[in-house]
Amino acid sequence: FDPHLEPEAIEDGLASGSLIRGTIRVSSSKVSMAFVRPDGAKSQDREWVVRGTKYRNRAVHGDTVIIQPILYGRSEDSSSEDEPVMATAIASDSDEEVVFTKPNVAGSAAIQRDEEEVKMAKVVAIAEKKGSGRVLVCTLHPDRQKKGDGQVHAEDSFVKAIPTDKRLPTMLLQINHVTKKVLKLPGKLDPFILWPMQIITWNEFSKQPLAKFQGQCLGRAGSLEAEEKHALIANELDDHDVDFPDDELDEVDGIVREAKENFLSEVAKRKDLRSLRIFTIDPATAKDLDDAIHVVDLPNKNQIEVGVHIADVAHFLKLGTVTDKEAQRRSTSVYLIGRVLPMLPHGLCNHLCSLNPNEPKLSFSAFFRLCKRSGNLIQDPAPWFAKTAISSVCRLNYDQAQEVIDDIEIEETKRPAVHGGYTWQEIKDDIKLLYEVCGKVRMGRLTGGAMTISKTKMIFHTMDSEDDIPTGYHLESHSASHWVIEELMLLANRCVATRLFNSAIKDFSVLRNHKPPENKKAQTLQKLMRERLGIKDFDMSCANAIYKSCQDIYEKHGKMLGLCVEMMVMRAGMQQAEYFVCGVDDEEDDEPNPHHFALNFDYYTHFTSPIRRYPDVMVHRVLHALLENQLKPSERGESGETEVDDENEDEDENPTRTRYFQSRKRAKEQVKICNTKKVNSRRCQEQLDRAVFCIFLRSMKSWFYTVGTVLSLNHSARDGDGISIYCSQLGRESKVALRSQDPEDEESNESKLELFMNGVDDELMLPKNWEWQGRGGIQITWKSPDGSEEHIQKLQMLSCAPIVIIPTNTVPIDYAMFLVSPFHKKFNQVRKDIAKEEVDGFAWADEEDEEGVETCYDASGYPEAA
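Rules used throughout
- Numbering of residues starts from 1 in each chain and follows the order in which that chain's sequence is written.
- For this predicted model, a pLDDT threshold of at least 70 governs which residues receive local features, and a threshold of 80 or more governs which side-chain atom pairs are given and counted, while totals over whole chains, interfaces and linings are taken from all residues.
- Heavy atoms from the whole structure form the basis of all side-chain values; hydrogens and water molecules are not counted.
- Every helix listed is a DSSP run of H or I at least four residues long, and every strand listed is a run of E at least two residues long, numbered separately from the N terminus.
- In a helix, the anticipated span is given by 1.5 Å times the number of residues less one.
- Three exposure classes are used, based on accessible area relative to the maximum for each residue type with a 1.4 Å probe and protein chains only: buried under 20%, partly exposed in between, and exposed over 50%.
- Contacts: residue pairs with any heavy atoms within 4.5 Å of one another.
- Here, any two strands with at least 2 DSSP bridges between them count as paired.
- Orientation is described by axes fitted as lines to C-alpha atoms, over the contacting stretch for helices, and by angles from 0 to 180 degrees between their N-to-C directions.
- Without a salt bridge and with relative accessible area above 30%, a residue can belong to a patch; like charges are then joined within 9 Å and nonpolar side chains (Val, Leu, Ile, Met, Phe, Trp, Tyr) within 5 Å.
- Only the protein chains shown count as cover for residues, with accessible areas throughout obtained via the Shrake-Rupley method and a probe of 1.4 Å.
- Within this document, salt bridges are pairs made up of a side-chain nitrogen of Lys or Arg and a carboxyl oxygen of Asp or Glu, the two lying within 4 Å of each other.
- Note that His is not counted, nor are the chain ends; the positive residues are Lys and Arg, and the negative ones are Asp and Glu.
- One atom stands in for each charge, and that atom is NZ of Lys, CZ of Arg, CG of Asp or CD of Glu.
- As used here, the term nonpolar core means buried Ala, Val, Leu, Ile, Met, Phe, Trp, Tyr and Cys residues forming a set that is joined through side-chain atoms within 4.5 Å.
- Here the angle decides the label: under 35 degrees means roughly parallel, over 145 means roughly antiparallel, 65 to 115 means roughly perpendicular, and every other value means oblique.
- Take the far helix as the reference: if the near one is turned anticlockwise from it by less than a right angle, the crossing is left-handed, and if turned clockwise, right-handed.
- Here the term charged refers only to Asp, Glu, Lys and Arg, the term nonpolar to Ala, Val, Leu, Ile, Met, Phe, Trp, Tyr, Cys and Pro, and the term polar to all other amino acids, Gly among them.

Looking at this structure, how should I read helix α13 (residues 519–532)?
Two residues of an α-helix separated by three or four positions point the same way, owing to the 3.6 residues in each turn. Across its 14 residues, α13 extends 19 Å between first and last C-alpha, which sits within 8% of the 20 Å expected from 1.5 Å per residue. Those residues of α13 not exposed but buried are Lys-521, Ala-522, Thr-524, Leu-525, Gln-526, Leu-528, Met-529 and Arg-532. The secondary structure elements touched by the buried residues of α13 are α15 (559–570). Downstream of α13 by one or two residues, Gly-534 has phi in the positive range, about 80°.

What exactly am I supposed to notice about the sheet that holds strand β34 (residues 790–796) here?
Whenever strands of a sheet pair, they do so through backbone hydrogen bonds, lying parallel or antiparallel. An order of β32-β33-β34 is seen for the three strands of this open sheet, with the pairing classed as antiparallel. Taken across any chain shown, the strands that pair with only one partner, and hence form the sheet edges, are β32 (769–772) and β34. Averaged over all neighbouring strand pairs, the angle between strand axes comes to 20°, with direction disregarded. The sheet contact formed by strand β33 (residues 777–783) and β34 spans seven bridges and is antiparallel. Bridge pairing in β34 places Gly-777 opposite Gln-796.

Sorry if this is basic, but what is going on with a negative patch on the surface here?
Side chains of Asp-243, Asp-246, Asp-247, Asp-250 and Asp-253 sit close together on the surface and give a patch of like negative charge. When you line up the elements, Asp-247 lands in helix α5 (residues 246–261).

Help me understand the sheet that holds strand β31 (residues 732–737) in this model?
Spatial strand order, β31-β30-β29-β35-β36: five strands in an open sheet with antiparallel pairing. Here the strands that pair on one side only, and so sit at the sheet edges, are β31 and β36 (814–819). Pairs of neighbouring strands in the sheet enclose a mean axial angle of 45°, with direction left out of account. With six bridges joining them, strand β30 (residues 722–727) and β31 adopt antiparallel strand pairing. Directly across from Ile-725, in β31, lies its bridge partner Ser-734.

Could you clarify how one ought to interpret the nonpolar core in this entry?
When a protein is soluble and globular, its nonpolar side chains tend to lie buried together. Phe-279, Val-306, Val-308, Phe-368, Leu-434, Leu-488 and Tyr-614 are the most contacted members of the largest nonpolar core, which has 89 residues in total. Looking at which element gives the most residues to this core, the answer is helix α12 (residues 480–501), with eleven residues. Not counting residues up to four positions away in its chain, the partners in contact with Val-308 are Ala-292, Ile-293, Phe-364, Ser-365, Ala-366, Phe-368, Leu-488, Met-489 and Ala-492. Core analysis: the second largest hydrophobic core is formed by 53 residues, Leu-528, Ile-535, Ala-543 and Trp-844 among them.

Can you help me understand the packing of helix α11 (residues 424–447) against α12 in this one?
Packing of α11 against α12 leaves a shortest axis separation of 9 Å and a crossing angle of 65°. Overall, the two elements α11 and α12 adopt an arrangement that is roughly perpendicular. For the element pair α11 and α12, the recorded crossing hand is left-handed. Listed contacts from α12 to Leu-434, Tyr-435, Cys-438, Gly-439, Val-441, Arg-442 and Arg-445 of α11 are Ala-480, Trp-483, Val-484, Glu-486, Glu-487, Leu-488, Leu-490 and Leu-491. Here the contact of α11 with α12 is built from residues that sort into ten nonpolar, one polar and four charged.

In structure tokens form, the structure reads like this:
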């Protein structure tokens, strides 16, 4: 490798503009490709392409690097076999860059790329080792495989550490007395054991970095405990899976004790709503109940008054305390399978702050009125806010609330208890009233320019499992009881955001915005749907147009295609919603746009979940200060220091100063942490969901048969023929590699496929052959097991077909997807659920003057819009 530049040269280069600083991101589909987004670049700006390990120059995925532009377009030494460098496709803002061109066919000419927009660069220095300084999960293997037996011999000097994340480099672990003792060397290494590793050094003379152990063995890949640790480390959340420090727990004990002693005196300062009919609706397994509601019918006005009451976490969580600093660090609760890593200690989140039934609690409430006829938000009187005291009279779960909505009578012994002198009938009447009005609120929101996307999520059943291996699953419901609460929380968040943005302390307020999709990627999908697949009215111009287009797909082409197209929309340049601090600083070009694209709200924030989200705590503090007319972050203490000190002073440095909320500088730093933690938490959950799904498949002792939808048809002499298929039932997408039943085809051998076959009584049938039908279709020939019959299967874009999902015996734990042979006994069982038009799909319409090949999608998950 080339030596890295010295600091002086870097400083001069950055000042002159000849060097650029940014974060490097390695493609998970083409690991030879990396991309650098310059610091401060806008989302629509083209990224710099760093091609190959030589030009990457020892930088690791996630590092902050210094790059030097080298040329524009394709590199001079690139051949027709090189990877394409364009990255203009349908993809989310997450891990993967993709290529979007037209389907290639056998014998087609080499693809011509639009090279003018490709900006090539090389890494000349690493500014911050954010990637290479992390803990990396690896499996260990002999450095020199002599017989492929996994043996490490006495004369070997190194062990090879291969990260489970293929974007990261293979490392070398030196064999010394420590590694010999830990790994029992010389001897055989188990390639399925997961180890936490960290890079020690990587100089310009070494092809691979040296690494060391960074903690104890995680366990065997495929075990729930190991996969959980793996997901946490891979997403930099492993420091959440630790006990709260003793000084914090002692502090919380004091907070709880003081809260009980001073409860009545605190209630006297608040609006006392303890006698009001307030209730909660949450998941049955929820332990931290941070929102409650009430509704009052105002018949003479044709209106209802709604109160959304949120646990007053910020009242107990004071700036500068040990507990607050730890909450700032964590920023969010992390939800795993069967357990939660909370942002706050249990004394706060599950007890003092949780709005449990028949327990007086302190809350922060938003009040607003809705028109019963239209569902519109009433502005006279305008929404208002107050610190309150409440006592929930009933705790319902979503299923119970849904039964009320559906007029299903719940047996008296199974009804939730009702306190405060109220009756079950009154609770039922409240729920039905809210259902009636919130239905109009929702309809008005969606027809008024908002969008909503159905996300399929598997909920695994582990409660009755002794070893935590799922015993079953169900698909997450989004019934009316869910969206009633969702609409009320959206309204409360919207009302709070509007008040803050238009206040005297706007510049300290945390809001949440959502930018429109990246235009080029959105237009690419629109062109695909309109010009290639003939869906002429598909429109990506705004949120409402997207919503209507997806609804049309549902109505005209069925649920399976509707779910598939929604997934395509979410990956067509849809960006991640983010927290931001309002206002603009001198060094910034312009103020962030507060508009929320998906919700089509001018202003939006998070107010309703302070137990599990730190931004909500920040919002509570600023809103309370506004109500109290405290327009500065803190009040001068006895020493008489000025507000100028507030930007630089540690929060616990001056105990005489009363602090209401964070300074603007600190708030901006905090929201960066919150945005990062929120993304990491989502990705951790997605990784763990996939791992648990694979564990579930292994435990079933049978394969998983369902329906898949064709996303793309990929013909490649180098990478092999394949079909990208989306499984709407599972919300998962995979590439189905086409392999023939030819006994001479080594790749079709079950051992080569690395399928997990333990205890499974089933047979994988592969096609006899296949033929590409123009640019957008394929004809697959299947042969019966006895060879007496043949069946022709034709697939096009968005065709639905039976698929089988089989767990693999690999690290990381994974599954493989295959088309089901029409001669397999399961084929007709699955096929009967597919309508004819869903089988047919859409014919590809060609244009003579265009070239191209494949349609690939980022399979790493949806960006989070709300």
